[in-house]
Amino acid sequence: MKDSKWFPGHMKNAMADIEETKIKLADCILYVLDSRAPYACINPFVDKIVHHKPIIYVLNKCDLSDDKRTAEIKQDFISKGKTVITVSANSNAFRNSVKNAIKAVLAEKIERNKQKGVNATYKVIILGVPNTGKSTLINMLCGSRKAITGNIAGVTRVNSWLKIDDMFTMLDTPGILWPRFHEELSHNLAFIGCLSDKEFDMTDMGFELMQLIYEKYPELVKAKYDVDYDREEFIEIYDQLCEKRGFIMRGKEIDYHRAGKTFVDDFRAGKLGKITLD
């Protein structure tokens, strides 16, 4: 696949703009990762542009990820000296935990301004690959729909500062990918919806996703689908899964395309259970 498909013009321009202007204005950074594949969401180019600003790693969509694995990943981040929080941007219950994390990493600056009698407003920039929930997080913090959201990659195309409260303003930025990544990483990004579905064959994607889920969470799949799992090849199990869901065309042929798309959609919506791919 050509680099241009992964790194379209608006992403290249947005990266340059963020690096040259917006990062310099920010007091800290919220780095939003999808907790179902957080390692896959880490852009290797970000470290080169943050200029030593404090970073809070936000493991978003924790309502969809494996609780045990998310806790292990969170501990891994902490062991490497990173500030990390887990949230579900769809729930207002996490609003205070995000604000408290920002206050914690900015505690020294806030205290200095307080001693000077300065009532400052702090700028927070939100970064992440497409469709990790950056705009949804801002809307949750604002308590209203200020940022444009969507369940497809690449919804946010412009940068805009939004007032969260009297203490914080946040910059919503477009999702930024990078030119090249290896196959396994690209697949995980595709499964969670960070890459455009147009670049993939949904027939293959659905099969590969279900095979990965079965390898990592066999008991979850077995509990959800009443099929015969005593088979040597996963394709035989997959055919049964398709038949169980009714993906049958005339002539009793399996509709693999519809099956693939549905399994991917079900995973993204959390209908297959709480799953972490990383």
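Model, not experiment: these values are computed from the prediction.

Honestly, the pairing of strand S2 (residues 55-60) in this entry has me stumped. Any pointers?
In terms of burial, S2 is largely enclosed, as six of its six residues are buried. What you see with S2 is no split at all: Ile-55, Tyr-57 and Leu-59 on one side and Ile-56, Val-58 and Asn-60 on the other are buried throughout. Where strand S1 (residues 28-34) and S2 come together, six bridges link them in parallel fashion. What sits directly across from Leu-33, in S2, is Leu-59. Examined bridge by bridge, S2 and strand S3 (residues 83-86) share four bridges and lie parallel to one another. If you follow Leu-59 over to S3, its bridge partner there is Thr-86. In this fold, the crossover linking S2 to S3 by way of helix H3 (residues 67-79) has right-handed handedness.

Sorry if this is basic, but what is going on with the packing of aromatic side chains here?
Two measures describe an aromatic ring pair: the distance that separates the ring centres and the angle between the ring planes. Tallying each qualifying case throughout the model produces 13 aromatic pairs. Measuring from centroid to centroid gives 5.4 Å for Tyr-57 and Phe-77, while their planes differ by 65 degrees, and the two rings are edge-to-face. Remark: Phe-77 occurs in helix H3 and Tyr-57 occurs in strand S2; sequence separation between them is 20 residues. Classification of Tyr-57 by relative accessible area gives buried; the value is 6%. Judged by relative accessible area, Phe-77 falls into the buried class, the value being 3%. The interplanar angle of 85 degrees and the centroid separation of 5.0 Å between the aromatic rings of Phe-207 and Tyr-238 together place this pair among those described as edge-to-face. One end of the pair, Phe-207, is in helix H8 (residues 202-216); the other, Tyr-238, is in helix H10 (residues 234-245), with 31 residues separating them in the sequence. The exposure class of Phe-207 is partly exposed, given its relative accessible area of 21%. Owing to a relative accessible area of 1%, Tyr-238 belongs among the buried residues under this scheme. An aromatic cluster is defined as three or more aromatic residues linked by ring pairs; in this entry it consists of Phe-207, Tyr-214, Tyr-225, Tyr-229, Phe-234, Tyr-238, Phe-247, Tyr-256 and Phe-263.

Please explain the packing of H8 against helix H11 (residues 256-268) as it appears in this structure.
Two numbers describe a pair of packed helices, the interaxial angle and the distance between the axes. Contact geometry of H8 with H11 gives a least axis separation of 7 Å together with a crossing angle of 50 degrees. Between H8 and H11, the interaxial angle falls into the category oblique. The element H8 and its partner H11 pack so that their crossing is left-handed. On H11, the residues touching Met-202, Thr-203, Met-205, Gly-206, Leu-209, Met-210 and Ile-213 of H8 are Tyr-256, His-257, Gly-260, Lys-261, Phe-263, Val-264, Phe-267 and Arg-268. Grouping the constituent residues of the contact of H8 with H11 by class yields nine nonpolar, four polar and two charged.

Calculation notes
- Residues numbered from 1 in each chain as written.
- Predicted model: local features only at pLDDT ≥ 70, side-chain atom pairs only at ≥ 80, totals over all residues.
- Heavy atoms only, no water.
- Buried < 20%, exposed > 50% of the residue type's maximum accessible area, 1.4 Å probe, protein only.
- Helix = DSSP H or I, 4+ residues; strand = E, 2+ residues; numbered from the N terminus.
- Pairing = 2+ DSSP bridges.
- Right-handed = clockwise from strand over helix to strand, strands pointing away.
- Phe/Tyr/Trp six-rings, centres within 6.5 Å; stacked < 30°, edge-to-face > 60°.
- Axes fitted to C-alpha atoms, helices over the stretch in contact; angles between N-to-C directions.
- Parallel < 35°, antiparallel > 145°, perpendicular 65-115°, else oblique.
- Left-handed = near helix turned anticlockwise from the far one by under 90°.
- Contact = heavy atoms within 4.5 Å.
- Nonpolar A, V, L, I, M, F, W, Y, C, P; charged D, E, K, R; others polar.

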